[in-house]
Amino acid sequence: MKLRLRSASKEIPVQLAQPRVAIQTQSIYRNISGDKHKKHSVDQKKKQPKKIQKKKKNNIQKELLNEEEQVRVQEENQRRQDLEQFLKQQQAKMSAEEKQRLKLEEQDRIEFETLWDKEVNELQKKIKSQKEWEDYVACLILPDPQKEIELNQFLYQLIENKNNVIRQIQQSIEVIKNIELSKINDLSFNNYQKIEQYNRYQSKILSLVNGKIQGITHEQIKSYEQFLNENNKILSQQHLMLEFIPDNYQRILQRLAQKQDDRYKYEFTRTIESDAMIQSFWYNPLSKVGYRVRPLDFERINELQIELTRQVVAQAMIFKVVWTQFDPFQTKNYDQFLSLSGVYDINMYELPPLTKKASKWQLAPSFDDPNRYIKPIRIYQQSSFTCSLKLQSEKYYFHKADQIMVVTQQNGRWTQENTENLKINLETKQVSFSLKNVLPFMIAQNRFIDFPHKDWKLYSTSITQAHLKLTTQRGINILFEINEDSVSLLKPFVIKNKTSEVILYELQQKGINLMAQEEDAVCLNQKFKLNELENQVLLNIMQTIRALSFRMSNDNKQQMDSLIIQFIENSDYVKDIEQGDQYKWINLDFQLNKVAAVDKNNKWLNGTTSHVNLVKLLNSHQLTQPEIQNYIDEVASIQFRNTVRSLLKQMKILCI
């Protein structure tokens, strides 16, 4: 049944200069006769379920948070029980003489650990206070990840503010990055209390960002008719061609049959971009005009080209590509892939309806309900899309072509399925491959590809400076310079005067991941050292870093409860202490609450015994020159030692 539209008044016979516009909307029932103030009115009844639903939603969120906290507490309690059981087993293995000796020395270990904790806590308060002042002076508008109230305010503004969407997305990505840096820093201090909070806010902000990106898509599809009119002006004025309107469609097809290349002039693109995101739309108003010889060209998105099949390209459609520097699908769960390109999300949509003319009226489509005009095109038969793009060598580190892969997002996880015919040329920085369906994809490598390290060495170069030399499993040589309040990367490229978490985060974004996780060890079939054992070794290194150098030992075994490293004297700040020279490196076997000097067979060196820490071991046995204790007593500043400890802890260099 057709709607009859007529003017509201017959008393004005004057002809309108412009046609009237009738907006097609769904009929909405409104109760205008009932008293709105009555509890039983229709409007109040409609609003009431929403309030109840909102309360239920809030209650569900609280229950989920309580469940997360309960799970965390249960895991922590279980970990403590396992550790206590393990310590009992270790005690049972020790001889009576060793137990008595370690018991007498226990007080020295406790005193040092207590003093260290006190100094680090005071340092943290000082750093936090200084940062708050610097942020205040700089008038920073982004929230502090440590303050939940500021994060909630940011979320509220993100939800309510509908303007400056691109700027909001950019700010949101900065906030997610800052939360990630706070998470890395907290873990380096064994602070697990806020980890779930960080994950929760990252997930919420990312969800809102994805909603903003989808909102841009909606606006671009709604504006199709406006863009079409702009392109029609270009067609008529510059190319002297027929405008694309329904009345001209058959004539256009007849002309395109004679000159196929003219079809490209009816197509047009629109691009929205920022540093963290680029959205590009290809509009094709034509259908069934033959095979499109050229691939779709998205030059602004890393020179991406997509070649569609004959079946797909024959449809009138909007083809969308969204590139994001971040992973919009990331979760708190472990993901074994590390992006080397950002994430590409591709979709195809049907063209929205155009305004229709009826007598003196124009019938414009209503875009109130996105589901009525945002209609993705479903491909039920498997189709292969050939893609090619250029690698961003200025942003990412590419080592070998056989270590690079293309992964697709499917069912909430990244997988190597649905891709084929991968070709990579690192000289020209070109990648080509085939996708079996319309799926998000990214160029990636395994995040654990640089573990375990082939070698590492830590040595002081002055009272407030140290170097950490590292060779990864891929053979990448890395050099860190550690100063009192900052870290600099000197190789393979230069990043100067940043905090350790920022340096490691930027390295990870470039494709060199040095922050090991327990899941990495599982993927590599390796044993991850106990957290308590790692903390113990770090404290011993901090206590003696002024006088000793340390490096990885090839005798380190695949045991969670034993950690073997090597040390040598370095009172004169010798920079190049290499294996096989005149210096003699000594193996140290750290176990929970004790350390011993051992040989290659993991036996105590002749005449030595185990002790509670490295200083006691050196004082009890002639493993170094007698005056080395004087250098050890020249304790460097707590801030410098803490910077060294934070870098080693964040890398988990002792654990894998």
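Moving on, we get to the packing of helix 4 (residues 165–188) against helix 5 (residues 195–222). Running from N to C, helix 4 and helix 5 cross one another at 165°; their axes reach a closest spacing of 10 Å. When the interaxial angle is binned, helix 4 and helix 5 end up roughly antiparallel. Read as a crossing pair, helix 4 and helix 5 show a hand that is left-handed. Classifying every residue of the contact of helix 4 with helix 5 gives 16 nonpolar, 5 polar and 4 charged.

A few words now on the pattern of salt bridges. When charged atoms on two side chains of opposite charge get close, those side chains can pair. With the rule as written, the count across this model stands at 12 salt bridges. A salt bridge links Lys265 to Asp262, with the shortest nitrogen-to-oxygen separation between them at 3.7 Å. On the basis of relative accessibility, which here comes to 32%, the residue Lys265 falls in the partly exposed class. On the basis of relative accessibility, which here comes to 13%, the residue Asp262 falls in the buried class. Here Glu267 ties to Arg263 by a salt bridge, and the two come within 3.6 Å at their closest N and O atoms.

We now examine the sheet that holds strand 20 (residues 487–491). On the basis of which strands lie adjacent, the open sheet formed by 9 strands has the order 21-20-19-18-17-22-23-24-25 and antiparallel pairing. Either end of the sheet is taken by a strand with one partner, and the two such strands are strand 21 (495–498) and strand 25 (594–598). Strand after strand, the sheet turns through a mean of 25° between neighbouring axes, direction not considered. Here 6 bridges tie strand 18 (residues 465–471) to strand 19 (residues 477–482), and the two strands are oriented antiparallel to one another. Along strand 19, the bridge assignment pairs Leu468 with Phe480.

Here we take up unusual backbone geometry. Looking along the chain, the bond that leaves Phe451 and enters Pro452 is cis, with omega of -15°. When you line up the elements, Pro452 lands in the loop between strand 16 (441–446) and strand 17 (455–462). Cis rather than trans, the peptide bond between Lys491 and Pro492 has omega equal to 0°. Assignment of secondary structure puts Pro492 in the loop between strand 20 and strand 21. The backbone of Asn418 sits at a positive phi, close to 70°, despite the residue not being glycine.

Criteria and thresholds
- Throughout this description, residue numbers start from 1 for each chain and increase along the sequence as written.
- Residues qualify for local features only when their pLDDT is at least 70, as the model is predicted, and side-chain atom pairs are given and counted only at 80 or more; totals for whole chains, interfaces and linings, by contrast, use all residues.
- With hydrogens and water set aside, each side-chain value is computed from the structure's full complement of heavy atoms.
- Only the contacting stretch of a helix is used when fitting its axis, a line to C-alpha atoms as for every element, and angles between N-to-C directions run 0 to 180 degrees.
- Numbering of helices and strands runs from the N terminus; a helix is a DSSP stretch of H or I covering at least four residues, while a strand is a stretch of E covering at least two.
- Should an angle fall under 35 degrees it is called roughly parallel, over 145 degrees roughly antiparallel, and 65 to 115 degrees roughly perpendicular, with every other angle called oblique.
- Note: crossing handedness is left-handed where the near helix turns anticlockwise from the far helix by less than a right angle, and right-handed where it turns clockwise.
- Residues are sorted three ways: Asp, Glu, Lys and Arg are charged, Ala, Val, Leu, Ile, Met, Phe, Trp, Tyr, Cys and Pro are nonpolar, and all the rest, Gly among them, are polar.
- By convention in these notes, a salt bridge is any Lys or Arg side-chain nitrogen within 4 Å of a carboxyl oxygen on Asp or Glu.
- Accessible area is worked out with a 1.4 Å probe on protein chains only. A residue is then buried under 20% of its type maximum, exposed over 50%, and partly exposed in between.
- Here a strand pair is declared whenever DSSP counts at least two bridges between the two strands.

Honestly, that's just the spatial picture; any functional story needs more than this.
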